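Okay, here's what each chain looks like letter by letter:
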Amino acid sequence: MSEQKVLKMGSKLLHSKASIVTEFKTFELHKIIQDLKDTMLSKGGVGIAAPQIGHSIRVICIGFDKNTRYPNEEPIPFMTLINPRYLALSEDMVDAWEGCLSVPGMRGLVSRYQKIQYFGFDIAGKPNEGVAENFFARIIQHECDHLDGVLFPSRIKDFKNFGFEDTLEIETYLQKS
Ligand code: NI
């Protein structure tokens, strides 16, 4: 395991636009992806983006089996997306409580597209695309935001719906860690 330190909101790198990956089969890229997975698993994340561990490149990892931070959500298979992007498949937006390893202990109500088509490349440089809905779609949108220097608090419409997870009275994610 090589768990890395997760940068917190306020760090300049988290508020910067990340660079496109142009070389796939490098030792450095593979090491970053392994570090991302290790860090996400050890911190109990459901997704993570390379800038969160200090690399300003367009790489995200998502997936979980059982997650104590989001106990009501169905598992999502692990995947790495390099240079990810997405298109909304419907105009429907869904509000849900969101958290972030870079904003520890806090949750906010954020509106995201309910259904998207995502595109990216896997670790071998092969195209990886698919359709994601609900929580799966939310994670991809959240992680893609990281690559553009956007953290979830800036997407909260009403700051009454932003606070500490041990204080907020949230129906959905009541489990306290
Ligand atoms: Ni995040």
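Structure report, in brief. These numbers come from a predicted model, not from an experiment. (Residues numbered from 1 in each chain as written. Predicted model: local features only at pLDDT ≥ 70, side-chain atom pairs only at ≥ 80, totals over all residues. Heavy atoms only, no water.)

**Some points on the sheet that holds strand β2 (residues 59–64)**
Within the open sheet, the five strands sit side by side as β1-β2-β3-β6-β7. Their pairing is antiparallel. Of all the strands in the sheet, the pair left with one neighbour each is β1 (47–49) and β7 (127–133). Averaged over neighbouring strand pairs, the angle between their axes works out to 40° when direction is ignored. Here strand β6 (residues 115–121) pairs with β7 via seven bridges, running antiparallel. Its bridge partner being in β7, K115 is matched across the sheet by E133. (Pairing = 2+ DSSP bridges. Helix = DSSP H or I, 4+ residues; strand = E, 2+ residues; numbered from the N terminus. Axes fitted to C-alpha atoms, helices over the stretch in contact; angles between N-to-C directions.)

**Re the packing of aromatic side chains**
Aromatic ring pairs are described here by two measures, namely the spacing of the ring centres and the angle between the planes. This model, assessed by the stated rule, comprises six aromatic pairs. Aromatic pair Y70 and F135: ring centres 5.1 Å apart, planes at 50°, arrangement tilted. Of this pair, Y70 sits in the loop between β2 and β3 (76–88) while F135 sits in helix α2 (residues 134–147), placing them 65 residues apart in sequence. Residues Y70 and F135 agree in their burial class; the two are buried. Taken together, a centroid distance of 5.8 Å and an interplanar angle of 80° make the contact between F159 and F162 edge-to-face. Among the residues examined, F159 registers a relative accessible area of 53% and is labelled exposed. We note R85 situated over the ring of F119; from NZ or CZ to the ring centre the distance is 4.5 Å. The ring of Y70 carries the charged tip of R107 above its face, separated from the ring centre by 4.6 Å. (Phe/Tyr/Trp six-rings, centres within 6.5 Å; stacked < 30°, edge-to-face > 60°. Buried < 20%, exposed > 50% of the residue type's maximum accessible area, 1.4 Å probe, protein only. Lys NZ or Arg CZ within 6 Å of the ring centre and 35° of its normal.)

**Regarding the coordination of the nickel ion**
Those protein atoms acting as donors to the nickel ion are C100 (SG), H142 (NE2) and H146 (NE2), and they sit at 2.1 to 2.3 Å. Each donor residue of the nickel ion belongs to the same chain, with the gaps between them written as C-x41-H-x3-H. Of this pair, C100 sits in the loop between β4 (93–98) and β5 (106–113) while H146 is found in helix α2, placing the two residues 46 residues apart along the sequence. Neither residue differs from the other here; C100 and H146 are each classed as buried. (Donors = N, O, S within 2.8 Å, 3.2 Å for Na, K, Ca; no water.)

**Quick notes on the sheet that holds β5**
Ordered in space as β4-β5-β8, the three strands form an open sheet in which the pairing is antiparallel. Of all strands in the sheet, those bounded by a partner on one side alone are β4 and β8 (162–164). Going from strand to strand, the sheet's axes swing by 25° on average, the running direction of each strand aside. Of the strand pairs in this sheet, β4 and β5 are connected by six bridges, and their pairing is antiparallel. Looking at the pairing, E98 lines up with G108 of β5.

Structural measurements only, silent on function.
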